[in-house]
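A structural walkthrough
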Protein chains: 2
Amino acid sequence: VNNPSFEPNFYAVIPAGGVGSRLWPLSRVASPKFLQDFTDSGRSLLQETFARLAAFLPAERILVVTGAAHADEVARQLPQLPEANLLIEPSPRESTAAIALATSVALQRDADAIVGSFAADHVIIDQAGFESVVSVAAEQAQLGHIVAIGIEPTSATSAYGYIKCGETLSESVCRVQSFVEKPSQAVAAEYLASGAYLWNAGMFIARAERLIGAIELTEPELVRAVEKLAAALSAGQHQAADTELWSSIKKVAIDYSVAEPAAARGEMRVVRASFDWTDVGDFASLSDLGDQTFDQVRTLGDVRVVSLDSTGLVVGSGGKVVVISGLDDVVVVDTPDALLITTREKAQTTKDAVANLREMGHDDVL
Amino acid sequence: VNNPSFEPNFYAVIPAGGVGSRLWPLSRVASPKFLQDFTDSGRSLLQETFARLAAFLPAERILVVTGAAHADEVARQLPQLPEANLLIEPSPRESTAAIALATSVALQRDADAIVGSFAADHVIIDQAGFESVVSVAAEQAQLGHIVAIGIEPTSATSAYGYIKCGETLSESVCRVQSFVEKPSQAVAAEYLASGAYLWNAGMFIARAERLIGAIELTEPELVRAVEKLAAALSAGQHQAADTELWSSIKKVAIDYSVAEPAAARGEMRVVRASFDWTDVGDFASLSDLGDQTFDQVRTLGDVRVVSLDSTGLVVGSGGKVVVISGLDDVVVVDTPDALLITTREKAQTTKDAVANLREMGHDDVL
């Protein structure tokens, strides 16, 4: 099923880390969202992500970076993934370290490697649209650019970061003028109306050498440590990485170490994409994925919902009956040992609630 | 512990019927509220009611009327209750039939019997206050009156029916001018301000002969059928009551067959009571019973609640964690197979939700 026209030196990187505490109680420390079937597809978000890439890339050119705690489950869920392509982080160090590690490994295998980083927890249905955009991005990367993918917004959502387009370079490519953090709803509406803004899909594509060089500009020590670990991994020591060295690495998101500085230097390009895309980052975005509807309430999971004068989202399991009466834009997430009830507007504050749980000693449900 | 001063011919009747669907999913067809420990007291509402009466009456003069489906559990929960005092209804026929049946049985045992009817699902803490009011009511009944108990309202609640006092007959007794159905909040506030209205506690006390006579005025066929069944029960056939005759009995609440017509004839008296009293009829009233509080959220049951910017009631079990964020006056009732989420204002509509469940075929959680 590989796309023969696709760049033979293209490596996909899937950083599979993060607890997803804004999706508590579905996402837990021991069972993060990317290992779960959030979309009732029968496959976990990670499996979906892997399959999306394996449709046009051999498994040998897909690298997954995950924490030691989840390595066994990742290996179980992805039997096609070569053992040497499962890169295990001794401790979580944020996206720059994870992507740099995989990029470094790719570079050791192929000095001409192009790497594309694809989050393990995004949902995309339009496979052909996705492949075609990644292909354009890979061509741009081959030319030496650092490339982002920007989704044409279909709503004025405040749930995503945005990319502001600068100079138009071709029908689907423009220079990135700047990255913009999640805006307010009102500002998001202006962005949508202007046509100059795209959703930041958090996918970055570049020649491996170019990407490592860009990280080196802002985080030289990080690159030195990662290269040492990558060499050890390539030598077959992936179960015995230097834990101490790794835990000294600075935690920084790729957005800050690479994307924003590169955009400021005028070195980032963005490919406009019109495929469907959802970052399952919180329940506000998850509610867009509910596939059944009882009156005005969306549901996810094996749950029987009866609603009276209500709107919102219900996530449940085990065939449980959930009755909602007289509540608007409510978000209900029921699990056997923990239940969250909030509103769509407050869905982003779930992170604070999880912090409270930790303070109160309810670690059993974290 | 019996009160020696109490009328030796006083029989207490506990009608223990009704599914309590306004308290779904706590109250179920197979496990109605009166058989459950709703107040975290360690005893069911029925056991509390029985104990409240057994504190001043011998068990021989307490009669419990319940459905065939719950008879075994009632007997298990009330080991002190003589077998002959557990009156089993072959099918539910509402309060007039249940009370008439027990009254008829009492009459067969003692032609001078006074009966008092006390719902199985009310909560009263002030035992001394309760006993003293029942004693006054029994004296009034001895004089030939049909007597209600009216609680001095402590809030402008729309959850209860009201009794309008007419002519004052003594410090604590007045003639009932009328019974008033549950009013709106605004009307309830007027009632509270006027001082002329009492909460209808649904307790009726009268000489047995007098009560049967009053029922006969409006429901003569009901009385004939009940007397036949009472005779059979007294003859020891309480497991073999005439099911067909029983199921022909009209379903009518005692309020309509006796209380309202008797009040209209000027024959009802009400004893003013100031003991605490809660009719655990719905979650709005149940929320007054929550004994722990996390911030502004009351909790009932073995549940760990974390609330952010929320007020309301959470009922749970099994140590489950419930996080509520950004919801006001919310009512959350979680059970292993069914979950209700509503508002205090909408708590009364739970009955409609249960009807919807039946229509949708979710009989397993009814």
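The structure contained in this document is the topic of the report that follows. Starting from 1, residues in each chain are numbered consecutively following that chain's sequence as written. As they are written, the chains are lettered A onward and the ligands numbered 1 onward, keeping that order. With the structure being a predicted model, the display of local features is reserved for residues of pLDDT at least 70 and the display and counting of side-chain atom pairs for 80 or more, all residues being used for whole-chain, interface and lining totals. Think of the side-chain values as coming from all heavy atoms in the structure, minus any hydrogens and water.

Section: the overall build of chain A
Working definition: helices are DSSP H or I runs of at least four residues, strands are E runs of at least two. Numbering for both runs from the N terminus. The number of helices and strands found in chain A is 11 helices and 18 strands. For this measure, only C-alpha atoms enter the radius of gyration; the expected value for a globule follows 2.2 Å times N^0.38, where N is the number of residues. A compact globule built from 366 residues should have a C-alpha radius of gyration of about 21 Å, and chain A, at 21 Å, falls within 12% of that. Classification of the 366 residues of chain A by burial places 57% in the buried group. Any two residues whose heavy atoms approach within 4.5 Å are treated as being in contact. Here the analysis covers contacts within chain A between residues at least 6 apart in sequence; of these, 66% occur between residues at least 24 apart. Values of accessible area rely on a 1.4 Å probe in the Shrake-Rupley scheme; residue burial ignores everything except the protein chains shown. Of the roughly 14,300 Å² that chain A leaves accessible, carbon and sulfur atoms contribute 48%. One finds the centroid of the 28 positive side-chain charges in chain A at a distance of 3 Å from the centroid of its 48 negative side-chain charges. Categorising residues by exposure relies on relative accessible area from a 1.4 Å probe, with only protein chains included: less than 20% of the type maximum marks a residue as buried, more than 50% marks it as exposed, and the intermediate range marks it as partly exposed. His residues and chain termini do not enter the charge count, which takes Lys and Arg as positive and Asp and Glu as negative. Positions of charges follow a simple convention, taking NZ of Lys, CZ of Arg, CG of Asp or CD of Glu.

Comments concerning the relation of the copies chain A and chain B
A least-squares superposition brings the copies together, and it is based on the C-alpha atoms of residues with pLDDT no lower than 70 in both. Superposition record for chain A on chain B: RMSD 0.1 Å, screw rotation 179°, translation along axis 0.1 Å. What we have between these two chains is a two-fold relation. For chain A, the minimum C-alpha distance to the rotation axis belongs to proline 336 of chain A and amounts to 3.8 Å. In this assembly the copies share their binding face: 100% of the residues contributing to the interface of chain A also contribute to that of chain B.

Points about the pairing of strand S9 (residues 197–207) of chain A
Residue and element names in this part refer to chain A. Along S9, 10 of the 11 residues are buried, which leaves the element largely enclosed by surrounding structure. In this structure, strand S4 (residues 114–117) lies alongside S9, joined through 4 bridges in antiparallel fashion. Looking across to S9, one finds that glycine 116 is bridged to isoleucine 205. Note that strand S6 (residues 146–151) and S9 share 4 bridges and pair antiparallel. By the bridge assignment, valine 147 is partnered in S9 with isoleucine 205. DSSP bridges decide pairing: two strands pair if at least two such bridges lie between them.

Details of the packing of helix H6 (residues 208–218) of chain B against helix H9 (residues 254–264) of chain B
How two helices pack is summed up by the angle between their axes together with the distance between the axes. Residue and element names in this part refer to chain B. Every axis corresponds to a line fitted to the C-alpha atoms, with the helix fit spanning only the stretch in contact, and the corresponding angles, defined between N-to-C directions, vary from 0 to 180 degrees. At a closest axis distance of 9 Å, the pairing of H6 and H9 adopts a crossing angle of 105°. Between H6 and H9, the angle is such that the two are roughly perpendicular. Facing Leu211, Ala214, Ile215 and Thr218 of H6, the residues of H9 in contact are Ile254, Ser257, Val258 and Pro261. Gly falls in the polar group here, along with every residue not listed as nonpolar (Ala, Val, Leu, Ile, Met, Phe, Trp, Tyr, Cys, Pro) or charged (Asp, Glu, Lys, Arg). Tallied by class, the residues present in the contact of H6 with H9 amount to 6 nonpolar, 2 polar and no charged. The scheme is simple: roughly parallel for angles under 35 degrees, roughly antiparallel for over 145, roughly perpendicular for 65 to 115, oblique for anything else.

Considerations on the interface of chain A and chain B
Listed per partner, the contact involves 36 residues of chain A and 37 residues of chain B. Throughout, buried area stands for the accessible area (probe radius 1.4 Å) lost by two parts on being put together, summed over both. Surface buried jointly by chain A and chain B totals about 2,900 Å² across both partners, of which 65% is contributed by carbon and sulfur atoms. Interface area lost by chain A to chain B is led by Val323, Leu339 and Ile341 of chain A, which between them contribute 21%. Salt bridges are defined by distance alone: a side-chain nitrogen of Lys or Arg within 4 Å of a carboxyl oxygen of Asp or Glu. Our count for the contact surface shared by chain A and chain B stands at 6 salt bridges. Broken down by secondary-structure element, the contributors of at least two residues to the side of chain A that touches chain B are strand S14 (303–308), strand S16 (320–325), strand S17 (330–334), strand S18 (338–343) and helix H11 (350–359) of chain A. Of the residues in the side of chain A that touches chain B, the class split is 21 nonpolar, 8 polar and 7 charged. The sheet contact formed by S18 of chain A and strand S16 (residues 320–325) of chain B spans 4 bridges and is parallel. Note that in S16 of chain B the partner of leucine 339 of chain A across the bridge is valine 322 of chain B.

A few points about the pattern of salt bridges
Evaluation of the coordinates by the stated rule reveals 30 salt bridges over all chains. We note a salt bridge from aspartate 309 of chain A to lysine 346 of chain B, for which the minimum N-O separation is 3.3 Å. Highlighted residues: aspartate 309 of chain A in the loop between S14 and strand S15 (311–315) and lysine 346 of chain B in the loop between strand S18 (338–343) and helix H11 (350–359), drawn from two different chains. By relative accessible area, lysine 346 of chain B is classed as partly exposed at 25%. Residues arginine 207 of chain B and glutamate 209 of chain B are paired through a salt bridge, measuring 3.6 Å at the closest nitrogen-oxygen approach. The network of salt bridges with common partners includes Lys320 and Asp334 of chain A together with Lys320 and Asp334 of chain B.

What to know about the packing of aromatic side chains
Working definition: rings of Phe, Tyr and Trp (its six-membered ring) pair if their centres are within 6.5 Å, and the pair is stacked with planes under 30 degrees apart, edge-to-face with planes over 60 apart, and tilted otherwise. Within this structure, the stated rule accounts for 20 aromatic pairs over all chains. Put simply, the rings of Phe10, Phe56, Phe118, Phe130 and Phe275 of chain A pair up and form one aromatic cluster. Counted as over-ring charges are cases with an Arg CZ or a Lys NZ within 6 Å of the ring centre that also lie within 35 degrees of the ring normal. Directly above the ring of phenylalanine 130 of chain B sits arginine 52 of chain B, whose terminal nitrogen or CZ lies 6.0 Å from the centroid.

Here we look at the state of the cysteines
All names here are of chain A. Our working definition of a disulfide is a cysteine sulfur pair at a distance within 2.5 Å. For the structure shown, the criterion picks out 0 disulfides over all chains. With no disulfide of its own, cysteine 165 lies 3.2 Å from the sulfur of cysteine 174, the closest cysteine sulfur. Judged by its relative accessible area of 11%, cysteine 165 falls in the buried class.

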